[in-house]
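Structural features, examined
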Amino acid sequence: MKHFYLITNEVKDPQGQYTERITAYLEARGGVVTCVDNTAEAIRTAIHEPRTENSETAGGSENDGAECVLVLGGDGTVLRAARNIMDSDIPLLGVNLGTLGYLAEVEIGNIEQALGWLLADDYTREERMMLEGLVETGKQTEENYALNDIVISRCGSLQILTFDIYVNGQFLNCYSADGMIVATPTGSTGYNMSAGGPIVEPAASLLLLTPICPHTLNTRSIVLASEDEIRIEISQGKDGSMQTVEANFDGSHKIIMQTGDSIMIRKASKTTGILKLNTESFLAVLHKKMSE
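Residues numbered from 1 in each chain as written. Predicted model: local features only at pLDDT ≥ 70, side-chain atom pairs only at ≥ 80, totals over all residues. Heavy atoms only, no water.

**Topic: the sheet that holds strand β12 (residues 206–212)**
The strand order across the open sheet formed by six strands is β13-β12-β11-β8-β15-β16, and the pairing between neighbours is antiparallel. Only two strands of the sheet have a single partner each, and these edge strands are β13 (222–225) and β16 (253–258). Strand-to-strand, the axes of this sheet are offset by a mean angle of 20°, without reference to chain direction. Sheet topology note: the strand β8 (residues 149–154)/strand β15 (residues 244–249) ladder contains five bridges and is antiparallel. When the sheet's bridge partners are listed, I152 is paired in β15 with A247. (Pairing = 2+ DSSP bridges. Helix = DSSP H or I, 4+ residues; strand = E, 2+ residues; numbered from the N terminus. Axes fitted to C-alpha atoms, helices over the stretch in contact; angles between N-to-C directions.)

**Some words on the pairing of strand β11 (residues 179–183)**
Among the five residues in β11, five count as buried, and that is most of the element. Side chains of β11 alternate between two faces, with G179, I181 and A183 and M180 and V182 buried alike. Bridge count between β8 and β11: five bridges; the pairing is antiparallel. In the sheet register, D149 faces β11, and the bridge partner there is A183. Where β11 meets β12, five bridges bridge the pair, whose relative direction is antiparallel. Bridging across to β12, I181 finds its partner in T210. (Buried < 20%, exposed > 50% of the residue type's maximum accessible area, 1.4 Å probe, protein only.)

**Overview of the packing of aromatic side chains**
Applying the stated criterion across every chain yields a total of one aromatic pair. Here Y166 and F171 contribute two aromatic rings whose centre-to-centre distance is 5.3 Å and whose plane-to-plane angle is 65°, an arrangement assigned as edge-to-face. On the accessibility criterion, F171 (43% relative accessible area) is partly exposed. Across from the ring centre of Y25, 3.7 Å away, lies the NZ or CZ of R29, which sits over that ring. (Phe/Tyr/Trp six-rings, centres within 6.5 Å; stacked < 30°, edge-to-face > 60°. Lys NZ or Arg CZ within 6 Å of the ring centre and 35° of its normal.)

**Considerations on the side chain of D178**
Relative to the helices and strands, D178 resides in the loop between β10 (170–177) and β11. Overall, the relative accessible area of 17% leaves D178 in the buried class. In terms of polar contacts, D178 uses its side chain to reach the side chain of R154, at 3.1 Å. A polar atom in the side chain of D178 sits 3.2 Å from the side chain of H215. Contact partners of D178, with chain neighbours within four places excluded, come to I152, S153, R154, Q159, L161, I212, C213 and H215. (Polar contact = N/O pair within 3.5 Å; in protein donor to acceptor, adjacent residues only side chain to side chain. Contact = heavy atoms within 4.5 Å.)

Written as structure tokens, this is what we have:
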């Protein structure tokens, strides 16, 4: 592996010291590094748009030869990058400058060792399932994707929300809660975990349905097959009022929904490639993260 994209992070690396450190290490060993600002427009332009006539291989795509996208930051930065490069088939490796970092597995203190493994092709690639969400409102239909989760939550004043949940066209339940989370195994350690949902091995293939602060005593998370389709309909409030909520895709893209609107969530046909350098098991990493 020689050609890398490096998604920088001005918030986590304001002086650019980590960007320079990684770039210098790779280039000194024959690597090619293209630095990209941590914005959706910059990432998509760099990775998806054609090269200019002055480029080495005019007429090819910008990611010709690129083998890895290094992402500086925390899990949120990795999630945004995953959505922005999902059509490129280039795998990601997160360099953790944040806190927990379940997705950004490489700690900055071990970066040289990790980069050495990449240059020596000493890694494995995991394909992580993604979610596809199709929002249907009275005005339009909009589709988007998520690696971690799709969260339906309130916007505006505090209120109990009411959702009608269908699985494969069959009515499951009417939930009264602060929101609903549909998560992938990768996202099980995110908002799903904070809401009391189960932690799942990331390589599993399933869907997690977890209510946020349910207003009953017997509402629990539900684990569904990855082939299942979940339909969440926004019903009227308890007093017959109009409800306004937002569907959040990995916390970085939201769509406003109201009573009468719905969202269909299912396993996406696309996946995200994640490079793994750590030989520790998921349980060992989980133990370490939960002890921090």
